[in-house]
Amino acid sequence: MDRKNTGRREEPVTRRNSGTIGRRSPRTGTEPVTARSALGLRLLLSAVFLPVFVALTVFFALWAADAGPGESPSRGTLVGTTVVCAVVALLAALDLLVVLRRRRRERGGGRGGRRGG
């Protein structure tokens, strides 16, 4: 069946149906039927740690640029720490985008969101 955007507002998706297409794994019967992911907690953690790890990335990058030969920690260690902080910041940014997209979809925000008129 071919779905086309007819300009209608889509109904909110329940949290039970959010995520990827289909279930990731079959129910084992041990988890509650109404179990939900902690999107609020993920949003909070991503929002807090994204700026922290961006700041740490900048800090370690500047420290690595200023490090001279024979200093401790070595320039290589500082560059490695910079890369790790940058990767964690990227993961936090991606998680923030995923959580915001899921929350918007669950609340029926669809594309375009709320526009003033």
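Refer to the preceding data block for the structure.
Below is a short write-up of the structure. Owing to the predicted nature of the structure, the values given are computational and were not obtained by experimental measurement. (Residues numbered from 1 in each chain as written. Predicted model: local features only at pLDDT ≥ 70, side-chain atom pairs only at ≥ 80, totals over all residues. Heavy atoms only, no water.)

Glancing now at the overall build of the chain. Within the chain, the secondary structure is distributed over two helices and zero strands. Split into buried and exposed, the 117 residues of the chain put 15% on the buried side. Carbon together with sulfur atoms contributes 60% to the accessible area of the chain, which is approximately 9,600 Å² in total. (Helix = DSSP H or I, 4+ residues; strand = E, 2+ residues; numbered from the N terminus. Buried < 20%, exposed > 50% of the residue type's maximum accessible area, 1.4 Å probe, protein only. Areas by Shrake-Rupley, 256 points an atom, 1.4 Å probe, with all protein chains shown as cover.)

Another point: unusual backbone geometry. In the segment running from Ser 72 into Pro 73, the intervening peptide bond is cis, with an omega of 0 degrees. Following the sequence through the fold, Pro 73 ends up in the loop between α1 (39-66) and α2 (75-106).

This part is about the packing of aromatic side chains. Under the definition given, this model contains four aromatic pairs. Centroid distance Phe 59 to Phe 60: 5.3 Å. Interplanar angle 65 degrees. Geometry classified as edge-to-face. Using a relative accessible area of 15% as the deciding quantity, one classes Phe 60 as buried. Note on Phe 59 and Trp 63: the rings are 5.7 Å apart at their centroids and 55 degrees apart in plane angle, and the pair reads as tilted. Of this pair, Phe 59 and Trp 63 both sit in helix α1, separated by four residues, roughly a single helical turn. Linked through ring pairs, Phe 59, Phe 60 and Trp 63 together constitute an aromatic cluster. (Phe/Tyr/Trp six-rings, centres within 6.5 Å; stacked < 30°, edge-to-face > 60°.)

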